[in-house]
Amino acid sequence: MVELKAAALLLITFCLSAHPASGSYPRAQNVTWKSTNFKTILTWEPKPSANYSYTVEFYTVSGDKQRNRHCIRSQSTACDLSSSLTDLNAYYTADILSEPPLGATSDLVEFPHTSSPRFSPYKDTDIGRPDFKLEVSEDKKKITLYVTDPLTALFKDGRQLNIRDAFSDQLQYKVTYVKNKSSGKKVNTSKTNVIELSGLDQGQSYCFNVQAYIPSRSVDKQLGEMSQTQCSNEDNPSIFEVYSVGVVAAAIFLVLLLIGLVIAVTVICCKRRKNALKSGKEGMPLRDV
């Protein structure tokens, strides 16, 4: 009788390990959308064990649930939904289901899941920093910036779209600039990619930063990442702007060293000449009176 109970207990233990019960699939945690230039990745935790996997379902308020084929029974904790969220203005929610691993079965009808926050590609994706070139006019009083729209992860008819294609006339660019060696900043906003800044001090160097600006979005999402700083050239730059402080200091040291050597050689030569003249006078015979 004891052996029969032990065999039954062993069988139950094996069945539970082969077919986990309802509470044995851990739910996903820390579900987060990460999106820049419409490159949208859904991430979560923890990394699954060999006993379970994750499946991602996404949907709009009025739409059916959909799946990305790369995010079904996966051991990954990230899902690239860039090409799946086709309605840029819609709000999406994603469910991360904890399911048996690929190839395994379960008696469960519904699997534990965790829902993400709502996400709208148009309103929530971050905008990366743009590139630009600057051109100084002949009279040195006007500088023109030529801004390049950052590319996105979106494609249409085989062509990769940029943020101008996505935001259309809602896209503007904010330029922040300052005269070199000055603390006073000025701001200019433009609806085009060619930005002319006039009324500048002739021959002075100015430094510029550019970032995308979308006023229709919420305040915390209106501005994109700031570009790298670019400065125009000054007509008569100081020696410290042309060369580093170390180079200037080394040059000054070498000049002083050279002057010191010249002085030392001159002093030595003068002393030798003086001694030679003195020795010559002492060796001459006295004249008869």
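Quick notes on the rules
Residues numbered from 1 in each chain as written. Predicted model: local features only at pLDDT ≥ 70, side-chain atom pairs only at ≥ 80, totals over all residues. Heavy atoms only, no water. Helix = DSSP H or I, 4+ residues; strand = E, 2+ residues; numbered from the N terminus. Contact = heavy atoms within 4.5 Å. Phe/Tyr/Trp six-rings, centres within 6.5 Å; stacked < 30°, edge-to-face > 60°. Buried < 20%, exposed > 50% of the residue type's maximum accessible area, 1.4 Å probe, protein only. Pairing = 2+ DSSP bridges. Axes fitted to C-alpha atoms, helices over the stretch in contact; angles between N-to-C directions. 1 Å grid on protein atoms, 1.4 Å probe; cavity = no way out; pocket = protein on both sides within 12 Å on 5 of 7 lines; lining within 4 Å. Points joined across faces, edges and corners; volume = space filled by probe spheres on them. Domains from an automatic or database assignment. Core = buried A, V, L, I, M, F, W, Y, C linked by side-chain atoms within 4.5 Å. Polar contact = N/O pair within 3.5 Å; in protein donor to acceptor, adjacent residues only side chain to side chain.

**Student:** For this particular structure, what's the right way to read the overall build of the chain?
**Tutor:** Regarding its fold elements, the chain presents five helices and 16 strands. Sequence-distant contacts, at least 24 apart, represent 62% of the contacts inside the chain between residues at least 6 apart.

**Student:** When you look at the packing of aromatic side chains in this model, what are you seeing that I'm missing?
**Tutor:** Two measures describe an aromatic ring pair: the distance that separates the ring centres and the angle between the ring planes. Within this structure, the stated rule accounts for eight aromatic pairs. Each ring, one from W33 and one from F119, has its centre 4.8 Å from the other, and the planes form 15 degrees; the classification is stacked. Within this pair, whereas W33 is found in strand β1 (residues 29-36), its partner F119 is found in the loop between β7 (113-115) and α2 (121-124), the two being separated by 86 residues in sequence. An identical accessibility class is assigned to W33 and F119; each is buried. Consider the rings of W44 and Y54, whose centres lie 5.6 Å apart with planes at 80 degrees: the pair is edge-to-face. Here Y54 lies in strand β3 (residues 53-60) and W44 lies in strand β2 (residues 39-45), a separation of ten residues in the sequence.

**Student:** Just to check I follow, could you spell out the sheet that holds strand β5 (residues 78-80) for this structure?
**Tutor:** Sheet strands line up and pair through hydrogen bonds in the backbone, either parallel or antiparallel. Read across the open sheet, the three strands follow the order β1-β2-β5; overall the sheet is antiparallel. What marks the edges here is a single partner per strand, and that holds for β1 and β5. This sheet shows a mean twist of 15 degrees between the axes of neighbouring strands, independent of strand direction. Pairing geometry for β2 and β5, over three bridges, is antiparallel. The residue bridging L42 from the neighbouring strand is C79, located in β5.

**Student:** Looking at this model, I keep getting lost on the layout of surface pockets. Mind explaining?
**Tutor:** Space left empty within the atom packing is revealed by a probe, the size of a water molecule, rolled over the atoms. Here the largest pocket is characterised by a volume of approximately 150 Å³. Around the largest pocket sit S82, S83, L85, T86, L88, A153, L154 and F155, which together line it. Formed jointly, the lining of the largest pocket draws a minimum of three residues from each of two domains, domain 1 (29-115) and domain 2 (131-234).

**Student:** What is the right way to look at the nonpolar core in this model?
**Tutor:** Burial of nonpolar side chains together is a common tendency in soluble globular proteins. With 25 residues, the main nonpolar core has L145, F167, Y173, V175 and F208 as its most contacted residues. For this core, the secondary structure elements donating two or more residues are β9 (143-148), α3 (163-167), β12 (172-179), β14 (194-197) and β15 (206-213). Ranked by residues supplied to this core, first place goes to β15 with four residues. Excluding its chain neighbours within four sequence positions, the residues that come into contact with V175 are L145, K186, V187, N188, I195, L197, F208, N209 and V210. Counting 20 residues, the second-largest nonpolar core is a separate cluster that includes L42, Y52, Y54 and C71.

**Student:** When you look at the pairing of strand β8 (residues 131-136) in this model, what are you seeing that I'm missing?
**Tutor:** Across a regular strand the side chains alternate sides, sitting on one face of the sheet and then on the other. Pairing of β8 with β9 involves six bridges; the strand directions are antiparallel. Bridging from a neighbouring strand, L134 pairs with L145 of β9. Hairpin connection of β8 to β9: six residues between the antiparallel strands, including K140 at a positive phi of 65 degrees.

**Student:** Can you help me understand the environment of S82 in this one?
**Tutor:** With respect to the element layout, S82 can be found in the loop between β5 and β6 (92-99). On the basis of relative accessibility, which here comes to 9%, the residue S82 falls in the buried class. Taking C-alpha positions, S82 is 5.2 Å from K39, a pair spaced 43 residues apart along the chain. With residues near it in sequence (within four places) discarded, S82 still touches F38, K39, T40, A153 and L154. From its side chain, S82 meets the backbone nitrogen of T40 in a polar contact 2.8 Å long.

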